[in-house]
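Coordinate analysis (summary)
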Amino acid sequence: MTFYSLCLILLAFTGNTAAYGPNQRAQKKGDIILGGLFPIHFGVAAKDQDLKSRPESVECIRYNFRGFRWLQAMIFAIEEINSSPTLLPNMTLGYRIFDTCNTVSKALEATLSFVAQNKIDSLNLDEFCNCSDHIPSTIAVVGATGSGISTAVANLLGLFYIPQVSYASSSRLLSNKNQYKSFLRTIPNDEHQATAMADIVEYFRWNWVGTIAADDDYGRPGIDKFREAAEERDICFDFNELISQYFDEGEIQQVVEVIQNSKAKVIVVFSSGPDLEPLIKEIVRRNITGRIWLASEAWASSSLIAMPEFFHVVGGTIGFALKAGQIPGFREFLQKVHPKKSTNNGFAKEFWEETFNCYLPEGNKNFPATASFHKGRDEGFGPGNGTTAFRPPCTGEENITSVETPYVDYMHLRISYNVYLAVYSIAHALQDIYTCTPGKGLFTNGSCADIKKVEAWQVPFSNCSRDCLPGTRKGIIEGEPTCCFECVECTDGEYSDETDASACDKCPEDFWSNENHTSCIPKQIEFLSWTEPFGIALTLFAVLGIFLTSFVLGVFTRFRNTPIVKATNRELSYLLLFSLLCCFSSSLFFIGKPEDWTCRLRQPAFGISFVLCISCILVKTNRVLLVFEAKIPTSLHRKWWGLNLQFLLVFLCTFVQIVICVIWLYTAPPSSYRNHELEDEIIFITCHEGSLMALGFLIGYTCLLAAICFFFAFKSRKLPENFNEAKFITFSMLIFFIVWISFIPAYASTYGKFVSAVEVIAILAASFGQLACIFFNKVYIILFKPSRNTIEEVRCSTAAHAFKVAARATLRRSNVSRKRSNSLGGSSSSTPSSSISSKSNHEDPFPMSTVTEQHQHRGCKQKVSFGSGSVTLSLSFEEPQKNAVTNRNAKHRNSLEAQNSEDSLMRQKALLPLQNSESLGVESSFQVAPTQEFSSQESVSGETKPEVQSPEEGTPPLPLAYSRNFIGSDSVTENAIHS
């Protein structure tokens, strides 16, 4: 009778536990069973219950993907141990894992299942009846998450001496071994974290803060420890509030009012993510910003708080996080989860539905059966965003990696790694029992426990300190025996590859310790590579500069006999373009792995190329300026303006730079250098310049020539347009100075491969500036404005400049003479309005017949402004047929040319390359066409009759200073007036 009673009791109890539902647990049989408690949901649905009916279990809501990943970490560790040939061989670990729903009631409900199963197993009913579904005792429990939940579970498990290893409960209250005898954990307690929070507040010199804590055994002790540490640092508090996820709306708003009205801008929060979420939502709704949040580890990385819509409120939070660990093979294990394959995991079906927002049809044989728990979700109380009525059916072929959820976040495994360590700590304790030698055991008379019949209280730990794993070393604890030590992690750059190492070994110079400090790995080598995006971009720009320069050189060669090319001193232009090719090419020496020969070549190549470029520009600008400032160009001027002397000046300027480079390479040559000091894990291969002073001389001399060039260009900015490259040279020199002045601080503040990149950018920017400012305008005229690339345009601008210079000189002399006459006569008189006409001093003795000869007339107009007046100059060119009459006219004009040579005319003739050896046989006459107040009458064939009137109404016109006519080949008639 007793036998049948025991069997009935057992069947009744096991029947009730089976009714608890396979979909509410993950369960697998084994020789030894480990229990697990994980928050698969964030909370439970609020339900009003009274005593008029039988209380019902509340439904869990709001699915927690991270909680399911933690559960998977436990299963992964158990399966890894079961497949290990050295750890617990011939033994199989099983598991029973339940969902705590992040509440104490659900956690205690699961804990009672562990305790009840152990009590049934202790009856040893296998001797009386065949119980095929018999489950061994749960010898240890992994969990729970929150400190408040772990406190309640530890009180219950402690009564039955069932070890509990928590992976996330950090409350310092749980360190009380008198109250929580069987509680262990793989996470530090909050005492250190609270002290660190106070240190942060003190570091930033904040002395007025507010505090918020969760109303549980995690938040209250943690914030109390923080306040205690903060008061020792003279930090004051504005408010201290408690929160909970179960607070009603009025209580949450009251806390938010306190925060909104407080002057404290720093808020320290000891809470979990679910408890803090309602408060953050209300703060976001009110748009309360400008606060600095100091977060404990429980919510610093919570997926509930790290929402995009919360970033403008909690962005910039300073938080603590657990150290991440690596679990080899865990990522692949997470991706294999599937309702069809995970038959032992009752939570896989709900995970699949929540991940893909679909539902698995009820009664499908390919999927686990759906229990009553999921019926609640069908009624609208589920954790998803909608009920199954609004979800499409799942196909079972969905891809886990195609959906972004916290479950597939493998980057920082913190809690998951702690779960992994908790399972392994229990396994190693069982291994000690498994390898126990009789007579040396820990129990009575040195006996050992039977590993297959081990009870929860028989999992011992008698060492003073745990073994130090590879990657750590033993640290001495002051005042303790040598067998008591602490495990200190090896510092960066050191490693240990054995257990209980006394000291860490230093890695070789070119190696660095790995993340776990268990071995040394080669350091990463960095330099400005050809294959990296930055190096490719710089190379493309350098090649583009070479192509554009070659194109401009080709254009100048093709149109070398045109006026524009001749007027720009084409020989020096060729040399200038060659130097720009060298500048662009020199930048390529800075890219690629630095070698000794490239380090010694790149700076001299850059310096000499730039000095050659600036020297050419300097000589061109100085030559034009000297030509226009010379009063009478003599043979001596022509000698000094000769091409050979120009090249000699360029060579001398460049030779100075060559001497600087030779001295540099001889005394302190640059070389490649492996820099280990900038960053611990990276070796930067750079060029050691040998002498920064030499580099300074190289760049300084280049800048000196550029400054002189800028001075001459600025001084000659008002010369004729065809000869006036000065404006463009001025801009190019400004770009040059801006680039190299910016280069100095950038070069001094960067390190590693970016030093070379900065110099390459400076070289390319300066080279493009020279190329664009000096040559692009000319190429544009040559290719797209050929009408401006004519002899007439060149002579028009030259004649206009000559007229303007002569007129201004005449005005100055006239003003001086008038002032002298006024001082002598004591009075001034007005000159009556007059009209002045001038006619050619020489009549053409060989008049040209319109019947026998045809003329081609070409001309242009130039408007010249000076003083308070302006005139329009009309220049016409006549090209007669080549006959005897033309030859006689040419001889006559040549004779007159010697008689009427004047300063301004000779200056233009000395400059114009078109008037030297390559005569185009063009006859020109210069006429003055007044604008606005000026009027003129044009004569035929070199005869002008301008009338000059006062440019201002009511003011008598001043007398004409002088009138000169120059007739002959390329003759110019100058009419200077005073206005």
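Values in this document were obtained by computation on a predicted structure and should not be read as measured data. (Residues numbered from 1 in each chain as written. Predicted model: local features only at pLDDT ≥ 70, side-chain atom pairs only at ≥ 80, totals over all residues. Heavy atoms only, no water.)

A few words on the overall build of the protein. Counting its secondary structure elements, the protein contains 26 helices and 29 strands. For the protein, the proportion of its 979 residues judged to be buried stands at 49%. Look at the contacts in the protein between residues 6 or more apart in sequence, and 72% of them connect residues 24 or more apart. When the accessible surface of the protein is split by element, carbon and sulfur atoms take 56% of a total near 48,600 Å². (Helix = DSSP H or I, 4+ residues; strand = E, 2+ residues; numbered from the N terminus. Buried < 20%, exposed > 50% of the residue type's maximum accessible area, 1.4 Å probe, protein only. Contact = heavy atoms within 4.5 Å. Areas by Shrake-Rupley, 256 points an atom, 1.4 Å probe, with all protein chains shown as cover.)

Across the interface, helix α5 (residues 190–203) lies against helix α6 (residues 219–231) with an axial gap of 8 Å and an inter-helix angle of 45°. Here α6 runs oblique to α5, going by the angle between their axes. The interaxial crossing formed by α5 with α6 has right-handed handedness. Every residue of α6 that contacts α5 at Glu-191, Ala-194, Thr-195, Met-197, Ala-198 and Val-201 is listed here: Gly-222, Lys-225, Phe-226, Ala-229 and Ala-230. (Axes fitted to C-alpha atoms, helices over the stretch in contact; angles between N-to-C directions. Parallel < 35°, antiparallel > 145°, perpendicular 65-115°, else oblique. Left-handed = near helix turned anticlockwise from the far one by under 90°.)

What follows covers the side chain of Thr-686. Relative to the helices and strands, Thr-686 is located in strand β22 (residues 682–688). A relative accessible area of 17% means that Thr-686 is categorised as buried. If near-sequence neighbours (up to four positions away) are discounted, Thr-686 is found in contact with Pro-594, Ser-671, Ser-672, Tyr-673 and Gly-752.

This model, assessed by the stated rule, comprises seven disulfides. Each sulfur in the disulfide pair Cys-358 and Cys-394 lies 1.8 Å from the other. Because the sign of the S-S torsion sets the handedness, a value of about 100° for the bond joining Cys-358 and Cys-394 places this disulfide among the right-handed ones. On the criterion of sequence distance, the pair formed by Cys-358 in the loop between α12 (348–356) and α13 (372–381) and Cys-394 in the loop between α13 and α14 (415–434) is long-range, its members being 36 residues apart. Side by side, Cys-358 and Cys-394 carry an identical accessibility label, which is buried. In this structure Cys-616 is a free cysteine whose sulfur lies 7.0 Å from that of Cys-613, the closest cysteine sulfur available. (Disulfide = S-S within 2.5 Å.)

With that settled, the discussion passes to the sheet that holds strand β11 (residues 266–270). Pairing within the open sheet is parallel, and its five strands lie in the order β10-β9-β11-β12-β13. Because the sheet does not close on itself, it has two edges, and the strands there are β10 (236–243) and β13 (318–319). Sheet strands touched by α5: β9 (208–214), β11, β12 (292–295) and β13. Its angle to β11, the strand with the most contacts, is close to 175°. Against the sheet, helix α7 (residues 249–261) engages β9, β10 and β11, with an angle of about 160° to β10. (Pairing = 2+ DSSP bridges.)

Turning our eyes to something else, we now look at the pattern of salt bridges. The full count for this structure, using the stated rule, is 16 salt bridges. Between Glu-191 and Lys-225 there is a salt bridge, with the nearest N and O atoms lying 3.7 Å from each other. In this pair, Glu-191 is assigned in helix α5 and Lys-225 in helix α6, connecting sequence segments 34 residues apart. Residue Lys-225 is classed as buried on the basis of its relative accessible area of 12%. (Salt bridge = Lys/Arg side-chain N within 4 Å of Asp/Glu carboxyl O.)

Confidence along the protein averages 74 in pLDDT terms, with 70% of residues attaining 70 or more. With pLDDT under 50 throughout, residues 1–22 is counted as low confidence; its partners more than four residues away or in other chains account for 16 contacts. Considering only residues more than four positions removed or in separate chains, one finds that residues 826–857, a stretch of pLDDT under 50, has 59 contacts. (pLDDT = per-residue confidence, 0-100.)

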